[in-house]
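# Commentary on secondary and tertiary structure
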Amino acid sequence: TRQMKRIKKGEYGYRNSMKRGLLFKIAILAAFILAQLGARWLTDSTALKNILTVMAVITVIPAANLASPYVAVLPFKTPARDFYERMRPFEDKCQVLYDLVLTTKDDILPMDAILVHPTGIYAYCTNKKADAARAEKALNEILKANRLDPNFRITKELSSFEKRAKSLKPASEYEDDGSVEYGVNVMKGLSM
């Protein structure tokens, strides 16, 4: 028997896995709502009809809470496997997070890869509609609030991102003050 491995935040394939999980939960809640409404028609008791109606309405709330992030990330898929293979060599230089979706007040930022390095956090964003400068400013404010240096940079061109990644020196050449691991945790915490 093949056991399905749960894909965690920051691992390649997370975005597609997250969408499948959300869709499954939404489907289960939708089935509960339909069952409650269906049961309402099978009873003659007014009190029971009212209870079933209230239960169905209350079940809509968590379904809507799950549907909102699902709709937000629906257009953004996990990048092709060859993208992952192109990024893997950089894992020797820094922490590489894959497939995260960061949000600001104004932008949805699907980050195919985020390099967390002692010199800063460098992200490759595939949402062409996102305003990179505005998003950088918002995310740097979040980094400052989390006591990290505001060195978050967003690149929307893969060639520029790869050039930046190649220019980084291995993180092992810098003193480990724990900020890289902390930065990784902050990025995962910000992601949907």
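In what follows, the accompanying structure is described. (Residues numbered from 1 in each chain as written. Predicted model: local features only at pLDDT ≥ 70, side-chain atom pairs only at ≥ 80, totals over all residues. Heavy atoms only, no water.)

## Re the sheet that holds strand 3 (residues 120-125)
- Pairing in this open sheet of four strands is mixed, and the strands run 1-2-3-4 from one edge to the other. With one partner strand each, in any of the chains shown, strand 1 (95-103) and strand 4 (152-155) form the two edges of the open sheet. The average angle at which neighbouring strand axes cross in this sheet is 30°, direction not considered.
- Across four bridges, the pairing between strand 3 and strand 4 is parallel. (Pairing = 2+ DSSP bridges. Helix = DSSP H or I, 4+ residues; strand = E, 2+ residues; numbered from the N terminus. Axes fitted to C-alpha atoms, helices over the stretch in contact; angles between N-to-C directions.)

## A word on the packing of helix 1 (residues 14-42) against helix 2 (residues 46-73)
- Contact geometry of helix 1 with helix 2 gives a least axis separation of 9 Å together with a crossing angle of 160°. Here helix 2 runs roughly antiparallel to helix 1, going by the angle between their axes. As for the relative orientation of helix 1 and helix 2, their crossing is left-handed in sense.
- Here the residues of the contact of helix 1 with helix 2 are counted per class, giving 20 nonpolar, three polar and four charged. (Parallel < 35°, antiparallel > 145°, perpendicular 65-115°, else oblique. Left-handed = near helix turned anticlockwise from the far one by under 90°. Nonpolar A, V, L, I, M, F, W, Y, C, P; charged D, E, K, R; others polar.)

## Thoughts on helix 1
- Along its 29 residues, helix 1 runs 42 Å from first to last C-alpha, staying within 8% of the 42 Å computed at 1.5 Å per residue.
- Listed as buried for helix 1 are Tyr14, Arg15, Ser17, Met18, Lys19, Leu22, Ile26, Leu29, Ile33 and Gln36. (Expected span 1.5 Å × (residues − 1). Buried < 20%, exposed > 50% of the residue type's maximum accessible area, 1.4 Å probe, protein only.)

## A few points about the environment of asparagine 185
- Within the element layout of this structure, asparagine 185 appears in helix 6 (residues 179-190).
- Accessibility expressed as a relative area gives 43% for asparagine 185, which makes it partly exposed.
- Remark: the alpha-carbon pair of asparagine 185 and alanine 67, spanning 118 residues in sequence, is separated by 25 Å.

## Focus on the nonpolar core
- Counting 29 residues, the largest nonpolar core has Met111, Ile114, Phe152 and Met187 as the members making the most contacts within it.
- Taken together, the elements giving at least two residues each to this core come down to helix 1, helix 2, strand 1, strand 2 (108-117), strand 3, helix 4 (132-145), strand 4 and helix 6.
- In this structure methionine 187 touches Leu97, Leu100, Leu102, Ile114, Val116, Ile121, Leu143 and Phe152, once residues within four positions along its chain are discounted.
- In this structure, Tyr84, Ala113, Leu115 and Ala165 belong to the second largest nonpolar core, which totals 16 residues. (Core = buried A, V, L, I, M, F, W, Y, C linked by side-chain atoms within 4.5 Å. Contact = heavy atoms within 4.5 Å.)

## Topic: unusual backbone geometry
- Positive phi, normally seen in glycine, also occurs at aspartate 99, with a value near 65°.
- Position of aspartate 99 relative to the elements: it lies in strand 1.

## Some words on the pairing of strand 3
- Taking burial as the measure, the six residues of strand 3 include six buried ones, the bulk of the element.
- Burial along strand 3 is two-sided: the face carrying Gly120, Tyr122 and Tyr124 and the face carrying Ile121, Ala123 and Cys125 are both buried.
- Taken together, the six bridges between strand 2 and strand 3 define a ladder with antiparallel strand orientation. Paired with leucine 115 across the bridge in strand 3 is tyrosine 122.
- The antiparallel hairpin formed by strand 2 and strand 3 contains two residues in its connecting segment.
- You can see the chain leave strand 3, run along helix 4 and come back into strand 4, and the turn it takes is right-handed. (Right-handed = clockwise from strand over helix to strand, strands pointing away.)

## Description of the packing of aromatic side chains
- Counted according to the given criterion, the structure contains four aromatic pairs.
- One aromatic cluster is present, built from ring pairs that chain together Tyr12, Tyr84 and Tyr98. (Phe/Tyr/Trp six-rings, centres within 6.5 Å; stacked < 30°, edge-to-face > 60°.)

## Remarks on the pattern of salt bridges
- For the structure on display, the rule yields eight salt bridges.
- With a closest N to O distance of 3.7 Å, glutamate 85 and arginine 88 form a salt bridge.
- Classification of glutamate 85 as partly exposed rests on a relative accessible area of 37%.
- Classification of arginine 88 as partly exposed rests on a relative accessible area of 37%. (Salt bridge = Lys/Arg side-chain N within 4 Å of Asp/Glu carboxyl O.)

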